[in-house]
Amino acid sequence: MRLFNAWEMGQDQTKQQIEKGLHLYQSNQTEKALRVWMRVLEKSADPAGRFRVLGCLITAHAEMGRYKDMLKFAVVQIDTARELEDPDYLTESYLNLARSNEKLCEFQKTISYCKTCLNMQGTTVSLQLNGQVSLSMGNAFLGLSIFQKALECFEKALRYAHNNDDKMLECRVCCSLGNFYAQIKDYEKALFFPCKAAELVNDYGKGWSLKYRAMSQYHMAVAYRKLGRLTDAMDCCEESMKIALQHGDRPLQALCLLCFADIHRSRKDVQTAFPRYDSSMSIMTEIGNRLGLIQVLLGMTKCWMIQKELDKALESIEKAQELAEGLGNKLGLLKLHCLCERIYRTKGQQRELRDHVVKFHECVEEMELYCGMCGESIGEKNNQLQALPCSHFFHLKCLQTNGTRGCPNCRRLSVKPGYV
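Note that the structure is predicted; figures quoted are calculated from it, not measured. (Residues numbered from 1 in each chain as written. Predicted model: local features only at pLDDT ≥ 70, side-chain atom pairs only at ≥ 80, totals over all residues. Heavy atoms only, no water.)

S.K.: In this structure, what is going on with the overall build of the protein chain? I would like to understand it.
M.R.: In terms of regular secondary structure, the protein chain is built from 19 helices and 2 strands. For 420 residues, the compact-globule formula gives about 22 Å, and the C-alpha radius of gyration of the protein chain, at 23 Å, lands near that figure. Expressed along its principal axes, the backbone C-alpha trace of the protein chain runs to roughly 85 × 55 × 40 Å. Summarising the internal contacts of the protein chain: among those between residues at least 6 apart in sequence, 57% fall at separations of at least 24. As presented, the protein chain carries roughly 20500 Å² of accessible surface, and 49% of it is formed by carbon and sulfur atoms. (Helix = DSSP H or I, 4+ residues; strand = E, 2+ residues; numbered from the N terminus. Rg over C-alpha atoms; globule rule 2.2 N^0.38 Å. Contact = heavy atoms within 4.5 Å. Areas by Shrake-Rupley, 256 points an atom, 1.4 Å probe, with all protein chains shown as cover.)

Here it is, written out as structure tokens:
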């Protein structure tokens, strides 16, 4: 009886210490919170308590951009879940492992761990995590520029969010959809989805972390810049950066600095853009965001081209190409070939020009970035797009003009457009 009471007391103490850490963390006393949680991890003999505190450590390190530490704790959490012999714990731990690899831009590993989660036979608790699993998998497919599968995953995640009335998940999916449509250049949708995320924050987010507001504002800033609404872009980015600085959110700080630099470049203010690109690059190198580094190098390349420093532009392209090839980011490679084409045309180097034209079209074919109705490319300029239920997408005007009872790409029957 005494042993049982002692074990119960140990559980209560573990719970109290975890709550104490959460209170400190929510008060922006991050380092103190981490010390409390690490003490719990070292001293607690309660596997369920250890599992929960590992979840806190994983989340905290993710928000600080300490992705290698996040991965380390995720691996320990899987061992703890196996000790508990509970499929719900195991599903959650594999999801955290997937997210850790997503943050480190290990997209193939992310997809593999997400598939493991979806194959788990857990309870309704595990099933509720499937929306988050689908979101992480969609982000990984987007990192690999596999657009149809990314969209399919985002649609599944959105369905889970609606079915479970999970507004936080819906908010996160909307931000990812904003990123998706920004990449394939439907800027109206790229703005619509983060605006929807901001609405969810305003309507339901009273008790949420401010990171949800910050992320929606950042994605709105990106879309506004693409649409040429630079003042709106700057306002949204400043609000996002303010929250990121308050909460020590290094990954978001890096993204905001990149966005600020892009805004100044759009204004042809290259001298103001360069230091912001440098600052963004420094943080992204520190946290390991290789996908973000490609975007920074693309922006710097365009600045060098504005200044007609073509050799320096080619140096940036070479660095970005190495990163894009390492990650398997096909859209990054396509953009680099497009920039090389412009540079070599200006330099009058016909052999190099032809080489990059061929590689550009190979990337378009590989990513299926063309409309299956008119045959024109998608993602070359701002165009309204519409997805069918199979997640293939087309120019909206082509669907309105021609109509379809089946998808021209996969021949799957379709009587109405997809949700997103």
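So much for the structure itself; the text now carries on.
S.K.: Hey, could you run me through the nonpolar core in this one?
M.R.: Soluble globular proteins tend to bury their nonpolar side chains together. Judged by nonpolar contacts, the single largest core of 144 residues is most densely connected at Trp-37, Phe-147, Phe-180, Tyr-181, Ile-184, Leu-369 and Phe-393. Considering each element in turn, this core owes the most residues, 10 residues, to helix α13 (residues 250-266). Ignoring sequence-local partners within four residues, the contact set of Leu-369 consists of Phe-147, Ile-184, Leu-331, Val-364, Ser-377, Ile-378 and Phe-393. (Core = buried A, V, L, I, M, F, W, Y, C linked by side-chain atoms within 4.5 Å. Buried < 20%, exposed > 50% of the residue type's maximum accessible area, 1.4 Å probe, protein only.)

S.K.: How should the environment of Lys-115 be read in this particular structure?
M.R.: Among the structural elements, Lys-115 can be located in helix α6 (residues 107-119). Taking relative accessible area as the criterion, Lys-115 reaches 47% and is therefore assigned partly exposed. For the pair Lys-115 and Asp-69, spaced 46 residues apart in sequence, the C-alpha separation works out to 23 Å.

S.K.: What am I meant to see in the environment of Gly-328 here?
M.R.: Along the chain, Gly-328 falls in the loop between α16 (310-327) and α17 (330-347). Separated by 199 residues in the primary sequence, Gly-328 and Leu-129 place their C-alpha atoms 27 Å from one another. If we ignore the near neighbours within four places in the chain, the residues touching Gly-328 are Gly-143 and Leu-144.

S.K.: Could you clarify how one ought to interpret the packing of aromatic side chains in this entry?
M.R.: Here the distance between the centres and the angle between the planes together describe a pair of aromatic rings. On inspection of all chains with the given rule, the structure shows 10 aromatic pairs. Between Phe-147 and Phe-180, the ring centres sit 6.0 Å apart and the planes meet at 75°, which makes this aromatic pair edge-to-face. Of this pair, Phe-147 sits in helix α8 (residues 147-163) while Phe-180 is found in helix α9 (residues 167-183), placing the two residues 33 residues apart along the sequence. The buried category is assigned to Phe-147, whose relative accessible area is 2%. The exposure class assigned to Phe-180 is buried, which follows from its relative accessible area of 0%. Ring centres of Phe-274 and Trp-304 lie 4.6 Å apart, and the angle between their planes is 45°; this geometry places the pair in the tilted category. You can see Phe-274 sitting in helix α14 (residues 270-287) and its partner Trp-304 sitting in helix α15 (residues 290-306), a full 30 residues away along the chain. Comparing Phe-274 with Trp-304, the two get one shared label, buried. Here the aromatic cluster, defined as three or more aromatic residues joined through ring pairs, consists of Phe-147, Phe-154, Phe-180, Tyr-181, Phe-192 and Phe-193. Across from the ring centre of Phe-73, 5.1 Å away, lies the NZ or CZ of Lys-72, which sits over that ring. Above the plane of the ring of Tyr-181 lies Lys-189, whose end atom (NZ or CZ) is 5.6 Å from the centre. (Phe/Tyr/Trp six-rings, centres within 6.5 Å; stacked < 30°, edge-to-face > 60°. Lys NZ or Arg CZ within 6 Å of the ring centre and 35° of its normal.)

S.K.: Explanation requested: the packing of helix α3 (residues 47-64) against helix α4 (residues 67-84) in the structure shown.
M.R.: Helix-helix packing is described using two parameters, namely the angle between the two axes and the distance between the axes. The interhelical angle for the contact between α3 and α4, taken along N-to-C directions, is 160°, at an axis separation of 9 Å. Between α3 and α4, the crossing angle belongs to the class labelled roughly antiparallel. Relative to α4, α3 is oriented so that their crossing is left-handed. Along the contact surface, α3 presents Pro-47, Ala-48, Arg-50, Phe-51, Leu-54, Gly-55, Leu-57, Ile-58, His-61 and Ala-62, while α4 presents Tyr-67, Asp-69, Met-70, Phe-73, Ala-74, Val-76, Gln-77, Thr-80, Ala-81, Glu-83 and Leu-84. By residue class, the composition of the contact of α3 with α4 is 14 nonpolar, 4 polar and 3 charged. (Axes fitted to C-alpha atoms, helices over the stretch in contact; angles between N-to-C directions. Parallel < 35°, antiparallel > 145°, perpendicular 65-115°, else oblique. Left-handed = near helix turned anticlockwise from the far one by under 90°. Nonpolar A, V, L, I, M, F, W, Y, C, P; charged D, E, K, R; others polar.)

S.K.: How do you make sense of the packing of α9 against helix α11 (residues 211-226) when you look at a structure like this?
M.R.: Closest axis-to-axis distance for the α9/α11 pair is 10 Å, and the angle between their directions is 20°. It follows that α9 is roughly parallel to α11 by the angle criterion. As for how α9 packs across α11, the hand of that crossing is left-handed. Across the interface between the two elements, Met-168, Cys-171, Arg-172, Cys-175, Asn-179 and Ala-182 from α9 touch Tyr-212, Met-215, Ser-216, His-219, Val-222 and Lys-226 from α11. When its residues are assigned to classes, the contact of α9 with α11 shows 7 nonpolar, 3 polar and 2 charged.

S.K.: Explanation requested: the pattern of salt bridges in the structure shown.
M.R.: Any two side chains of opposite charge can pair, on the condition that their charged atoms come close. With the rule as written, the count across this model stands at 18 salt bridges. The salt bridge involving Glu-239 is made with Arg-213; its shortest N-O contact spans 2.6 Å. Taken together, the residues span a long stretch of sequence, with Glu-239 in helix α12 (residues 230-246) and Arg-213 in helix α11 at a distance of 26 residues. Looking at Glu-239, the relative accessible area reads 28%, which means it is partly exposed. Here Asp-232 ties to Arg-229 by a salt bridge, and the two come within 3.0 Å at their closest N and O atoms. For Asp-232, a relative accessible area of 28% gives the class partly exposed. The network of salt bridges with common partners includes Asp-165, Lys-167 and Glu-170. (Salt bridge = Lys/Arg side-chain N within 4 Å of Asp/Glu carboxyl O.)

Function cannot be read off these values alone, since they describe shape.
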